[in-house]
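Listed here are the chains, written in short residue letters.
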There are 2 protein chains.
Amino acid sequence: MARTITILGGTGPEGTGLAYRLAKAGECILIGSRDAARAQETAKQLRERVRGAQIEGKDNPSAVAACDIAILTVPFSGAAGLLKQLKSVWKPGTIVIDTTAPLAATIGGAATRVIGVWQGSAAEQTKELLPAGVHLAAAFQNLGAESLAGDEPVDCDVLVCGDDEKAKQVAFELVGKIPGARPLNGGKLENARIVESLTALLIGLNMRYKVHGAGIRFTGLPLK
Amino acid sequence: MARTITILGGTGPEGTGLAYRLAKAGECILIGSRDAARAQETAKQLRERVRGAQIEGKDNPSAVAACDIAILTVPFSGAAGLLKQLKSVWKPGTIVIDTTAPLAATIGGAATRVIGVWQGSAAEQTKELLPAGVHLAAAFQNLGAESLAGDEPVDCDVLVCGDDEKAKQVAFELVGKIPGARPLNGGKLENARIVESLTALLIGLNMRYKVHGAGIRFTGLPLK
């Protein structure tokens, strides 16, 4: 049976963009939302865009219970509450990929600033709120929703951070399914704090240079 | 009379690299060091590498008193002490470019981590320790000493952060004198905290990918 990837926050722009790209790559997608009807509506729209795609919609707990991999794409302000709600739902062995960044916009501030997270990063907060036996990596924070929405290859490296090799490996594989995205080993989960703050920097570059899809590439690495 | 650029910490690898690149571009360089003799020795070695270059060495206070632009390249652990010592020496109108990053290595920790700076960043600490009338920008943090030491074009964008347009303009101009380096508007001085932490991320990439010159390029910007 094909694996199922749940996109938590899949009705938002980042989540919908990732769902679109991964569905196009042949993955079986479950859109998760607080509101099952909205999840189903987004799933229907995506099925219309991707011929033959397997995309359904469910409320968040049902979507988590039914998945092998969950990608967390809710705004940071909603992440901790959602994770507490889901704590007893996770199946052991589920892979979680955290894409969130603690932008100050999440609490009414600027999208060009991050707020301090006691645990060090959004990803480390997520780690604390997941039960044992669930595998976590952080990735995709710097890949903007606007770049994901289209069909062009993205022009961005994706740093994968984590302390769990299995989760990092799955994140690497999923990054590789998005044309133009290059997965890079970002090291430990604690490094997600740097990657998350890069999101704020990229938003600032978008604003100052009046563009929508500033991305990042690392040079000097022995990789194609 | 040609302007003089003082490199504070000019006997260290980052400072020597910047001095070399800027001297090659025709700038008049003063190497600053705690030890005037060491500064003179580094200046002599650089003169041997760059035919016809104007490079002298002085102790830090003398080098600051004699310059139009000062580039701060000392390790972060030495920056605050040096700036306190120099407080009464600065000429009004001097441009200061801070290249430092608060790597944990500066206090015996890892070069892949940054320590928290109360002011928010090394650059903002520097701001606090400079007298009024001195112009500050932050730049060059992500351009490694090894890349600067050679003659190859570097493969790195340089984010220029600051609240002082005059200082940012000078930093932009100096970045443009290093082949391959592209200056980008990094926004306010407070954003230096993100750029400084990127240095730690690049050092981690160097270690994980066994290279010495990982750099960064931003994509999706309307610039060549």
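Bear in mind that the values here come from a model prediction, so they are computed numbers and not experimental data. (Residues numbered from 1 in each chain as written. Chains lettered and ligands numbered in written order. Predicted model: local features only at pLDDT ≥ 70, side-chain atom pairs only at ≥ 80, totals over all residues. Heavy atoms only, no water.)

## Some words on the overall build of chain A
- When helices and strands are tallied, chain A shows eight helices and nine strands.
- Taking 17 Å as the expected radius of gyration for a compact globule of 224 residues, we find that chain A reaches 16 Å, a close match to that expectation.
- Summarising its shape, the C-alpha atoms of chain A cover approximately 40 × 40 × 40 Å along the three principal directions.
- For chain A, buried positions account for 57% of its 224 residues.
- Intrachain contacts of chain A at a sequence separation of at least 6 include 74% that bridge at least 24 residues. (Helix = DSSP H or I, 4+ residues; strand = E, 2+ residues; numbered from the N terminus. Rg over C-alpha atoms; globule rule 2.2 N^0.38 Å. Buried < 20%, exposed > 50% of the residue type's maximum accessible area, 1.4 Å probe, protein only. Contact = heavy atoms within 4.5 Å.)

## Details of helix H8 (residues 192–208) of chain B
Residue and element names in this part refer to chain B.
- End to end, H8 covers 25 Å across 17 residues, agreeing with the expected 24 Å (1.5 Å per residue, within 8%).
- Taking burial as the measure, the 17 residues of H8 include 13 buried ones, the bulk of the element.
- Downstream of H8 by a residue or two, lysine 210 has a phi angle that is positive, lying close to 55 degrees. (Expected span 1.5 Å × (residues − 1).)

## Observations concerning the side chain of B:Glu27
Residue and element names in this part refer to chain B.
- Mapping glutamate 27 onto the fold places it in the loop between helix H1 (13–24) and strand E2 (28–33).
- The class of glutamate 27 is buried, set by a relative accessible area of 7%.
- Polar side-chain contacts of glutamate 27 include one of 3.1 Å to the side chain of lysine 177.
- Excluding residues that lie within four positions of it along the chain, glutamate 27 makes contacts with Arg3, Ile5, Leu22, Gln54, Leu174 and Lys177. (Polar contact = N/O pair within 3.5 Å; in protein donor to acceptor, adjacent residues only side chain to side chain.)

## Section: the packing of aromatic side chains
- Following the criterion strictly, the structure yields zero aromatic pairs over all chains and no others.
- Lying over the aromatic face of A:Tyr20, A:Arg49 brings its terminal NZ or CZ to 3.5 Å of the ring centre. (Phe/Tyr/Trp six-rings, centres within 6.5 Å; stacked < 30°, edge-to-face > 60°. Lys NZ or Arg CZ within 6 Å of the ring centre and 35° of its normal.)

## Details of the packing of helix H4 (residues 76–86) of chain A against helix H5 (residues 122–129) of chain A
All names here are of chain A.
- Interhelical geometry of H4 versus H5 gives an angle of 10 degrees and a closest axis separation of 9 Å. One finds that H4 runs roughly parallel with respect to H5. Residue-level contacts link Phe76, Ala80, Leu83 and Lys84 of H4 to Ala122, Gln125, Thr126 and Leu129 of H5.
- Taken together, the residues of the contact of H4 with H5 break down into five nonpolar, two polar and one charged. (Axes fitted to C-alpha atoms, helices over the stretch in contact; angles between N-to-C directions. Parallel < 35°, antiparallel > 145°, perpendicular 65-115°, else oblique. Nonpolar A, V, L, I, M, F, W, Y, C, P; charged D, E, K, R; others polar.)

## A look at the interface of chain A and chain B
- With 32 residues of chain A at the contact, the number on the chain B side is 32 residues.
- Viewed at the interface, chain B and chain A are joined by two salt bridges.
- At the boundary of chain A and chain B, one finds 13 residue pairs in polar contact (both at pLDDT 80 or more).
- Residue assignment for the side of chain A that touches chain B shows that the elements contributing at least two residues are strand E8 (181–187), helix H8 (192–208) and strand E9 (215–219) of chain A.
- If one sorts the elements of the side of chain A that touches chain B by residue count, H8(A) sits on top with eight residues.
- Split by residue class, the side of chain A that touches chain B holds 17 nonpolar, 10 polar and five charged.
- Judged from the five bridges that link them, E9(A) and strand E9 (residues 215–219) of chain B form a sheet pairing that is antiparallel. Bridging from a neighbouring strand, A:Phe218 pairs with B:Ile216 of E9(B). (Salt bridge = Lys/Arg side-chain N within 4 Å of Asp/Glu carboxyl O. Pairing = 2+ DSSP bridges.)

## Concerning the confidence of the model for chain A
- Confidence in the prediction of chain A, expressed as mean pLDDT, is 97, and 99% of residues score 70 or more.
- Confidence estimates for the predicted assembly give a pTM of 0.96 and an ipTM of 0.95. (pLDDT = per-residue confidence, 0-100.)

## Focus on the pattern of salt bridges
Residue and element names in this part refer to chain A.
- Counted according to the given criterion, the structure contains 22 salt bridges over all chains.
- The salt bridge partner of glutamate 48 is lysine 44, with a shortest N-O separation of 3.7 Å. With glutamate 48 and lysine 44 both in helix H2 (residues 36–49), this residue pair falls four residues apart, about one helical turn.
- One salt bridge in this structure joins aspartate 157 and arginine 217, with 2.7 Å as the shortest N-O distance. A residue pair is termed long-range when its members are at least 10 positions apart, and aspartate 157 in strand E7 (residues 156–161) and arginine 217 in strand E9 qualify at 60 residues.
- In this structure, a network of salt bridges that share partners links the residues Arg3, Glu27, Glu173 and Lys177.

## A word on the relation of the copies chain A and chain B
- Here chain A sits on chain B after a turn of 180 degrees about the axis and a move of 0.0 Å along it, with an RMSD of 0.0 Å. Overall, the copies show the geometry of a two-fold rotation axis. For chain A, the minimum C-alpha distance to the rotation axis belongs to A:Arg217 and amounts to 2.5 Å.
- Counting the interface residues of chain A, we find that 100% of their copies in chain B are interface residues as well, pointing to one common contact surface. (Least-squares fit on C-alpha atoms with pLDDT ≥ 70 in both.)

## Focus on the state of the cysteines
Residue and element names in this part refer to chain B.
- Scanning the entire structure with this criterion turns up zero disulfides over all chains.
- Unpaired in terms of disulfides, cysteine 67 finds its nearest cysteine sulfur in cysteine 28, a separation of 11 Å.
- Overall, the relative accessible area of 1% leaves cysteine 67 in the buried class. (Disulfide = S-S within 2.5 Å.)

## Regarding the packing of helix H1 (residues 13–24) of chain A against H2(A)
Residues and elements named next belong to chain A.
- Packing of H1 against H2 leaves a shortest axis separation of 10 Å and a crossing angle of 40 degrees. If you check the angle between H1 and H2, you find them oblique. Crossing of H1 over H2 shows right-handed handedness. Two secondary-structure elements touch here, H1 through Thr16, Ala19 and Tyr20 and H2 through Thr42, Leu46 and Arg49.
- Residues that form the contact of H1 with H2 fall into these classes: three nonpolar, two polar and one charged. (Left-handed = near helix turned anticlockwise from the far one by under 90°.)

## Quick word on the pairing of strand E5 (residues 95–98) of chain A
All names here are of chain A.
- Burial of E5 is two-sided: the residues Ile95 and Ile97 facing one way and the residues Val96 and Asp98 facing the other way are all buried.
- Where strand E4 (residues 69–72) lies against E5, four bridges are found, and the strand directions are parallel. Its bridge partner being in E5, isoleucine 69 is matched across the sheet by isoleucine 95.
- As a crossover connection, the stretch from E4 through H4 into E5 is right-handed.
- Where E5 lies against strand E6 (residues 135–138), four bridges are found, and the strand directions are parallel. Its bridge partner being in E6, valine 96 is matched across the sheet by leucine 136.
- Since E5 and E6 lie parallel, the crossover through H5 that links them has a hand, and here it is right-handed. (Right-handed = clockwise from strand over helix to strand, strands pointing away.)

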